[in-house]
Amino acid sequence: MQDFEKLGVFYLGKAYDLASRSAKDDLLLYDSKDLVTHAVVVGMTGSGKTGLCVGMIEEAAIDGVPSILIDPKGDLTNLLLTFPELRPEDFLPWINQDDARQKGVTPEEFATQQAQLWASGLQKWGQDGERIRRLKEAAEFRIYTPASNAGIPVSILKSFAAPPPELIEDNEMMRERVNTTVISLLGLVGIEADPVQSREFILLANIIETTWRNGQDLDLAQLISQVQNPGIQRIGVLDLEAFYPGKERFALVMALNNLLASPGFRAWLEGEALDIGQILYSPQGKPRVAIFSIAHLGDAERMFFVSLLLNQVLGWMRTQSGTSSLRAIIYMDEIFGYLPPSKNPPSKLPMLTLLKQARAFGVGMVLATQNPVDLDYKALSNAGTWFIGRLQTERDKLRVLEGLEGAAAASGDSFDRQELDQMISGLGNRVFLLNNTHEDAPVLMQTRWALSYLRGPLTREQIRSLMAPYKTQMPAQAPAAGAAPAVRPAASATAPVAMSVMESSAGAGSKVSVPPAMPHDVPVVYLPVRGRAPGGTELVYQPAVLGAARVKFTDTKLRMSELQTKNLLAHLADGPLALDWENCLELDVPVNELEEGAQGPAAFLLPPTSVTAKALATWKRDLTDWLYGSAALNLLRSPSTGAVSNVGEDERDFRVRLMQVAREKRDAQVDAVRKKYTPKVAALQERLRKAQQAVEREKEQARSQGVNAAVSIGATLLGALTGRRITGRATTAVRQAGRSVSQRGDINRAEETVEAVQQQIAELQEQFNREIAAVDTALDPQREALETVNIRPRKSDIDLQLVALAWAPYWQAQDGTLKPAWE
């Protein structure tokens, strides 16, 4: 079997000969980089459209490219039906029982037929069970089912969270995100909102944008509360009450509240967060094929979810670096209704934005449909690749030709409408016209056999059984919106349980109602209290020492310099070691957020040891020594590439970045080899063309000489029969016959030239294949053993800004458990 994966190409099928109605031997290898300029797949039911797209996703997975698939019909779940052993018992649980009954065979017999069919189909297309195994090992396949627990449920709470700063700073992107979110939400409650005329839209858009620009997240409960009591006083030049009176706003409040209170909507709040970065790769950095099955949803719910998902993709995309290599695929199996030519549903705006901007980030959009008339072809003119299958009506064909012409005009390519019309008219099942703007001319292709078992949509129970192993790995559910957080015991380093609360004694550890007085030369600070008090708790301040330092980490070999601020909290203890920085806690509280006094009524625990300026000076020296000995910047290093992780980048994200770097390096090497051989191949092809023309020319001359010789010989024989003189004519006939023999020699030499040039082309092709095979593909970032690089600070690079007595607030429950109040 040919090693398709090494070249960064997708094996989609073979070239197709329309005259003989059969596939040629030439493989159809699609450059993965071409998908960055997006693709459109058009074909009626039964044209093989799903098989083509499944094959494309399979190839991407083998190449380590993750995908997000939006599946309105349920066909894409077949990507999880992969059986490397090709045994009938593997197929048996997944066959369609109705198909077996219609054929009049038992399920076991039908499973055997399907196994044999798949084995022979794969063999015909140069594939086998080993390639299926490679597919299974290359990626993790998951089925997500929003608003359902059949597959992996999805929580939409993150969809109302503030977008990343990169998106907020882009006014156009921010406006699009807000508009789509509002329109989707109002559509879910049955309100068709107009961004210009609708008061509901304008109010919600103002609330959401204001909240997000303040860096704050939202959930539906908070949004309902803000509709009742908006923090904004004016909408445009009008007072809020004049623009949208409170009594009239109550109808919107009730509509949103009914949505939140409905049992069905609760399913939208459970499951994994709609975090694109986490969805595309597993915690180990393995690429995923994430299938979002939405066949079970109603039309409004589908539109709501698709719009939110596309917006999340946009937000994630904006945080990525630019690349010309394929980073990820976003595929929608049927876009009818989501990108119409005249209307503007919530899904259209983010989809248009992705088509226009995603290529700069290496994100390829693949959109499939069987209804070309209902698509906005002006938008799809951004697509660089078109796969056109058998169409249902002449109107569909004309619409597709319009789209192709628009794409050709956008890219500056020539367009032969008549030729494409003839090619499209002759298409059959699994035969597609591939029009790629990166290639010289369109080609006909027949799709390869799918590695996955294409049995049709899976049932809910089948999806449930496939996803059962992954559900056990899901993190614990976050508390529902509005629920009070659970009180948990504090860690020993932050709140020693041994520090008892003694009401009857006035000694160390006793609880008092006011903070004890400290010497004037001892600085005192208070950690802030964040959030509301959980029910049945008391605010208690414990004495500790806060050390704030700036630590600089420098490595000249890595050409990096990182300045970090460390705010450390160490509790005071009774005993010979009053303060131990080894057991300190690193805070996420900036120094400028420290308070000067207690926040509200509280109790204070007396310090177990004296806090003086002298003691603070000692603890300050101890902190410098501890930071010098223990503070380190731990980075990861790839031995094969020398690349080092960024500060704050975990192993998963580093491996994901390494995979993208490796893909870019491979694509660049392949491009370099192609550029090297392209002029050589072109020159030999031109020589071949001229040599073939020479053969035809010599053959034509030979035919002409042969005719002249025959005429001369015939005339000579006729003269002999009639008694005329034949000496001159005989000489001419002999001479012309000699020329004919010489001409045949010229033909042989011309044909030898053709063979020689063809041999040179074959040898050049072999050299090209060897150099392509030598492209460095040995790097596997998923399995490479990474090294740890420890960067430690010099003592002169440790700058202590503050060492002070700090009162640390805790929520103390009736059973004595403590929870930090500053988190």
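Keep in mind that what you see is a predicted model, and the values were worked out from it rather than measured.

Let's talk about helix H1 (residues 49-62)
Part 1: Compared with the 20 Å implied by 1.5 Å per residue over 14 residues, the 20 Å span of H1 between its first and last C-alpha is a close match.
Part 2: Most of H1 sits out of view: 14 of its 14 residues are buried.
Part 3: Note on H1: the residue one or two positions beyond its end, Gly64, has a positive phi of about 85°.

Considering the pairing of strand S24 (residues 798-813)
Part 1: Of all 16 residues making up S24, 13 are buried, and the element is well covered by its neighbours.
Part 2: Two elements, strand S17 (residues 524-526) and S24, share three bridges in a ladder whose sense is parallel. Paired with Val524 across the bridge in S24 is Leu805.
Part 3: Here 15 bridges tie strand S18 (residues 537-555) to S24, and the two strands are oriented antiparallel to one another.

Digging into the packing of aromatic side chains
Part 1: Per the counting criterion, the structure on display carries 14 aromatic pairs.
Part 2: Between Tyr144 and Phe292, the ring centres sit 4.9 Å apart and the planes meet at 20°, which makes this aromatic pair stacked. Of the two residues, Tyr144 sits in strand S5 (residues 140-144) while Phe292 sits in strand S10 (residues 288-293), which places them 148 residues apart along the sequence. The same class applies to Tyr144 as to Phe292, namely buried.
Part 3: Members of the aromatic cluster, connected to one another through ring pairs, are Phe83, Phe91, Trp118, Trp449 and Tyr453.
Part 4: The ring of Trp125 has Lys14 lying over it, and the distance from NZ or CZ to the ring centre is 5.3 Å.
Part 5: Lying across the ring of Tyr628, Lys795 places its NZ or CZ 5.6 Å from the centre.

A look at the layout of surface pockets
Remark: the empty space left among the atoms is shown by a probe the size of a water molecule rolled over them.
Part 1: Put simply, the largest pocket is a space of about 1700 Å³.
Part 2: As for the largest pocket, its lining consists of 40 residues, of which Leu29, Glu439, Arg674, Gln765 and Phe768 are closest to the centre.
Part 3: Within the residue set of the lining of the largest pocket, elements represented by two or more residues are strand S1 (9-17), strand S2 (22-31), strand S14 (431-436), helix H20 (651-722) and helix H21 (727-773).
Part 4: A per-element tally of the lining of the largest pocket places H20 first, with eight residues.
Part 5: Of the residues assigned to the lining of the largest pocket, the class counts are 20 nonpolar, nine polar and eleven charged.

Here we look at the nonpolar core
Part 1: Formed by 162 residues in total, the largest nonpolar core has its most connected members in Phe292 and Phe387.
Part 2: Residues in contact with Phe387, not counting those within four places in the same chain, are Leu12, Tyr30, Ala39, Val40, Val41, Val42, Leu52, Met56, Phe432, Leu433, Leu434 and Met445.
Part 3: Leu539, Met560, Leu572 and Leu579 belong to the second-largest nonpolar core, a separate cluster that totals 39 residues.

Structural notes on the side chain of Lys348
Part 1: With respect to the helices, strands and loops of the structure, Lys348 is situated in helix H15 (residues 348-357).
Part 2: On the accessibility criterion, Lys348 (5% relative accessible area) is buried.
Part 3: A distance of 3.2 Å separates a polar side-chain atom of Lys348 from the backbone oxygen of Lys343.
Part 4: Not counting chain neighbours up to four residues away, the residues in contact with Lys348 comprise Tyr338, Leu339, Pro340, Pro341, Ser342, Lys343 and Asp376.

Concerning helix H5 (residues 129-138)
Part 1: Looking only at H5, the buried set comprises Gly129, Arg131, Ile132, Leu135 and Ala138.
Part 2: Looking at the buried side of H5, the elements it contacts are S1, H1, helix H4 (107-124) and S5.
Part 3: Capping the start of H5 is the job of one residue whose side-chain oxygen sits 3.1 Å from the backbone nitrogen of Glu130: Asp128.

Description of the sheet that holds S5
Part 1: The eleven strands are arranged S2-S1-S15-S14-S13-S3-S12-S11-S4-S10-S5 in an open sheet whose pairing can be described as mixed. At either end of the open sheet lies a strand with only one pairing partner, and these are S2 and S5. Geometrically, the sheet is characterised by an average inter-axis angle of 25° between neighbouring strands, direction not taken into account.
Part 2: As judged from the four bridges shared by strand S3 (residues 39-42) and strand S13 (residues 385-388), these two strands associate in the parallel manner. Residue pairing for S13: Val41 is matched across the bridge by Phe387.

Scoring rules and cut-offs
Residues numbered from 1 in each chain as written. Predicted model: local features only at pLDDT ≥ 70, side-chain atom pairs only at ≥ 80, totals over all residues. Heavy atoms only, no water. Helix = DSSP H or I, 4+ residues; strand = E, 2+ residues; numbered from the N terminus. Expected span 1.5 Å × (residues − 1). Buried < 20%, exposed > 50% of the residue type's maximum accessible area, 1.4 Å probe, protein only. Pairing = 2+ DSSP bridges. Phe/Tyr/Trp six-rings, centres within 6.5 Å; stacked < 30°, edge-to-face > 60°. Lys NZ or Arg CZ within 6 Å of the ring centre and 35° of its normal. 1 Å grid on protein atoms, 1.4 Å probe; cavity = no way out; pocket = protein on both sides within 12 Å on 5 of 7 lines; lining within 4 Å. Points joined across faces, edges and corners; volume = space filled by probe spheres on them. Nonpolar A, V, L, I, M, F, W, Y, C, P; charged D, E, K, R; others polar. Core = buried A, V, L, I, M, F, W, Y, C linked by side-chain atoms within 4.5 Å. Contact = heavy atoms within 4.5 Å. Polar contact = N/O pair within 3.5 Å; in protein donor to acceptor, adjacent residues only side chain to side chain. Axes fitted to C-alpha atoms, helices over the stretch in contact; angles between N-to-C directions.

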